[in-house]
2 protein chains.
Amino acid sequence: MNAEQQELIQAREQIERLPKSKIRAIANASLGLEGLIPLWFGESDLPTPEFIKQAGADALMQGCTFYTHNRGIPELRTTLAEYASGLHARPVDVDRITVTASGCVAINLIQQVLTDPGSNTVIVGPLWPNLIETIHIMGGETRIVPLTFGEQAWTLDLDRLFDQVDDKTTAILINSPGNPTGWVMERDGQQAVLDFCRPRGLWFISDEVYHRLVYDRPVAPSLLDLAEPDDKVLVINSFSKTWAMSGWRLGWVTAPPRLGEVFEKVIEFHYSCPAHFTQRAGVTAVMEGEQFVRDMVQRYRAARDLSVERLRAMPRIQVHSPPGSFYLFFAVDGMTDSVAECRRFVSEARVGLAPGAAFGEAGEGFIRLCFANSLETLHEAFDRMASLLG
Amino acid sequence: MNAEQQELIQAREQIERLPKSKIRAIANASLGLEGLIPLWFGESDLPTPEFIKQAGADALMQGCTFYTHNRGIPELRTTLAEYASGLHARPVDVDRITVTASGCVAINLIQQVLTDPGSNTVIVGPLWPNLIETIHIMGGETRIVPLTFGEQAWTLDLDRLFDQVDDKTTAILINSPGNPTGWVMERDGQQAVLDFCRPRGLWFISDEVYHRLVYDRPVAPSLLDLAEPDDKVLVINSFSKTWAMSGWRLGWVTAPPRLGEVFEKVIEFHYSCPAHFTQRAGVTAVMEGEQFVRDMVQRYRAARDLSVERLRAMPRIQVHSPPGSFYLFFAVDGMTDSVAECRRFVSEARVGLAPGAAFGEAGEGFIRLCFANSLETLHEAFDRMASLLG
């Protein structure tokens, strides 16, 4: 095979243009590095709790190995509807719930359903690249309105957000609590965006996968507190963060009932259904997981407070204590290339961090650290970082 | 909410136009019907074998609950490369293997990578609707060339296939052994299509998920017997049929090495990775599953032979004994509406069958029956059908 033929092996242009994950690029290059403390990915250092693993293993051994309903087994959908109704200000009916094969897949599914080539989505940044690139894959454009790293906290200028909307805008997409910033949108902000979307017929896509990882209340403000069932509102959620189930691939969407039949047919063509035994474990996670969630959040709060304290002791670093998520997104004075800096942290300090540039242009100058780890490990990581940043 | 607002809740046109699954439509309407014999879906009546379930449960309890490599854990990729190399005429290197979260997801992923709006794909029909609709979702067109229900077997006219190709054609897509017909494409046919594709720079997408469900040889003719690593050939496979793992959601694609980096970034945005413990079970299935596969095929062969014999005894029915798959696709004399007929089979005979119309226009006049069942159950089903068709 010659070079010319090699060149022929390509994806369509839209796909070739997609950026590689800048986190994965650094992480993959460091596989097997001894003594590395990995704080780059968005997952807990602890495996899924025993009672959930056991429920999954039991379902498996009992033979839950067949196809299920496209939108999930009825028991899981009912359980999630009751969970949401108990957590939020308004009841959520089961016909609004669609179980998905991860939060990630939910995002992909939504973009397949909504994004026409040439349309655009207005998005609050910096943010997790999947929320952007799934739109590009469908031929849509993205308009990122960055949060401001203010004196006390990350803040959003709603007027700047609304200014980006034009007649080709399909949706406004907001991730709160936010990855990577930990920013939490308060209820009045959510209401203002909803009020803006309603008369314009815009979709409001709310990624709420960190809804339980908040440190000043039991659950983050949610569109489910505000939206009518038939509002054009899509709320994305996941089992990954709340029940430490990242490697299982299970999530759900809350949507207007009309979209139920749409999701049903697209899921049939997309992934058919989530794994059966995984859905059984999901029922157990939601029904019996509240104590686990409380303990986990307490553990993360201590980790957050320690991490903020240690980082603030480093002269070149500025950081806000995040009200939500399990990330710190800190500014490093004088840093212009976060990817190079993160490579240096790996090679010289054996600490794995995610470069801010991975979360869009607005992220450059920052580094993301996942503090879902033991205090001991975090102390060790900060000791190593201090020697480099000192 | 008034009617006007209700109307606003829609997917984009491409999605609204997608047909609902005609199999699901009948099946969903019959949920809970007592004494029903369901032969409509493409899965075995038996759960996944014990040793595979145990491997999954063990991996789960051992804490394989974290994210993995996008393209699958190295051990599973290596295992699949060795499996393919042992099974086919040419070695398959691990850099060609990408593990996916089902064969279904592999199809979706491939269409995201290849299908631009306005392009077309030429396809052998009748076939499983996912292979068609995933192209429509991406804005592509499909051109179906139907197999002929000949005197002795289903046959393909290659000239008719090639005649459908024009300058907007991206790929030729063939599913062999085929769902729903059980047709198996012989090596000379595959070679002819490959020879046609090569100088034209066309992709050859070969869905081979039924590769082990063949009754006259150990494995079906495969593109992996013929293709160079850098040929524009994509081979889709799945754990669902070969190891009775339909409810797990695990598959793989064999592709030119160049596409590895492309799949890696698209998977990151699509579903991140397949479930970790599921991949561990996949390793066990491939490494220890050969005896199971042999026993399963023997069981299916007996089921096939019985089913053909029983159907041929019914005067209105014509059927070929399929060399592959676990389906019979039989013609019913005088039937013009397979959906109505299948509804009648449910309500009057409590036998669940899939209407031929579910597999495209060329499928009307036929009904699909999945014979992956016990002889006893099949006898009972045919007794009931005979009373209706007598």
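The rules behind each value
Residues numbered from 1 in each chain as written. Chains lettered and ligands numbered in written order. Predicted model: local features only at pLDDT ≥ 70, side-chain atom pairs only at ≥ 80, totals over all residues. Helix = DSSP H or I, 4+ residues; strand = E, 2+ residues; numbered from the N terminus. Buried ≥ 20, exposed ≤ 12 C-beta atoms within 10 Å, placed from the backbone. Contact = placed C-beta atoms within 7 Å. Pairing = 2+ DSSP bridges. Axes fitted to C-alpha atoms, helices over the stretch in contact; angles between N-to-C directions. Domains from an automatic or database assignment. Nonpolar A, V, L, I, M, F, W, Y, C, P; charged D, E, K, R; others polar.

**Overview of the environment of Phe-330 of chain B**
Residue and element names in this part refer to chain B.
- Looking at where Phe-330 falls in the secondary structure, it is placed in strand 12 (residues 327-332).
- By the C-beta count within 10 Å, which is 23 here, Phe-330 ends up buried.
- For Phe-330 and Phe-366, which are 36 residues apart along the polypeptide, the C-alpha to C-alpha distance reads 5.3 Å.
- In contact with Phe-330, other than residues within four places in its own chain, are Leu-311, Ile-317, Gln-318, Val-319, Phe-366 and Ile-367.

**Here we look at the sheet that holds strand 15 (residues 366-370) of chain B**
Residues and elements named next belong to chain B.
- Spatially, 11-12-15-14 is the arrangement adopted by the four strands of the open sheet, whose pairing is antiparallel. Of all the strands in the sheet, the pair left with one neighbour each is strand 11 (317-318) and strand 14 (354-355).
- Where strand 11 lies against strand 12, two bridges are found, and the strand directions are antiparallel. Note on strand 12: the bridge partner recorded for Gln-318 is Ala-331.

**Thoughts on unusual backbone geometry**
- In this model, Asn-179 of chain A is joined to Pro-180 of chain A through a cis peptide bond whose omega is 15 degrees.
- Within the secondary structure, Pro-180 of chain A is located in the loop between strand 7 (169-175) and helix 9 (187-200).
- Cis geometry marks the peptide bond from Ser-176 of chain B to Pro-177 of chain B; its omega dihedral reads -10 degrees.
- Its location among the elements puts Pro-177 of chain B in the loop between strand 7 (169-175) and helix 9 (187-200).
- The backbone of Ala-244 of chain A sits at a positive phi, close to 50 degrees, despite the residue not being glycine.
- Within the element layout of this structure, Ala-244 of chain A appears in the loop between helix 10 (239-242) and strand 10 (251-254).
- Classification of Ala-244 of chain A as buried rests on a count of 25 C-beta atoms within 10 Å.

**Looking at the sheet that holds strand 8 (residues 203-207) of chain B**
All names here are of chain B.
- What the seven strands build is an open sheet, ordered 2-10-9-8-7-3-4; its pairing is mixed. Each edge of the open sheet is held by one strand with a lone partner, namely strand 2 (97-100) and strand 4 (141-146). Strand-to-strand, the axes of this sheet are offset by a mean angle of 20 degrees, without reference to chain direction.
- Relative to strand 4, strand 3 (residues 120-125) runs parallel, the two sharing six bridges. Residue pairing in the sheet places Gly-125 in a bridge with Pro-146 of strand 4.

**Side note on the domain arrangement of chain A**
Residue and element names in this part refer to chain A.
- Annotation of chain A at the domain level lists domain 1 (3-48 + 291-389) and domain 2 (50-289).
- Between domain 1 and domain 2, the C-alpha centre-to-centre distance is 23 Å.
- Across the contact, 32 residues belong to domain 1 and 38 residues belong to domain 2.
- Broken down by secondary-structure element, the contributors of at least two residues to the side of domain 1 that touches domain 2 are helix 2 (13-16), helix 13 (290-312) and strand 12 (327-332).
- Considering each element in turn, the side of domain 1 that touches domain 2 owes the most residues, seven residues, to helix 13.
- Its residues assigned to classes, the side of domain 1 that touches domain 2 shows 17 nonpolar, eleven polar and four charged.

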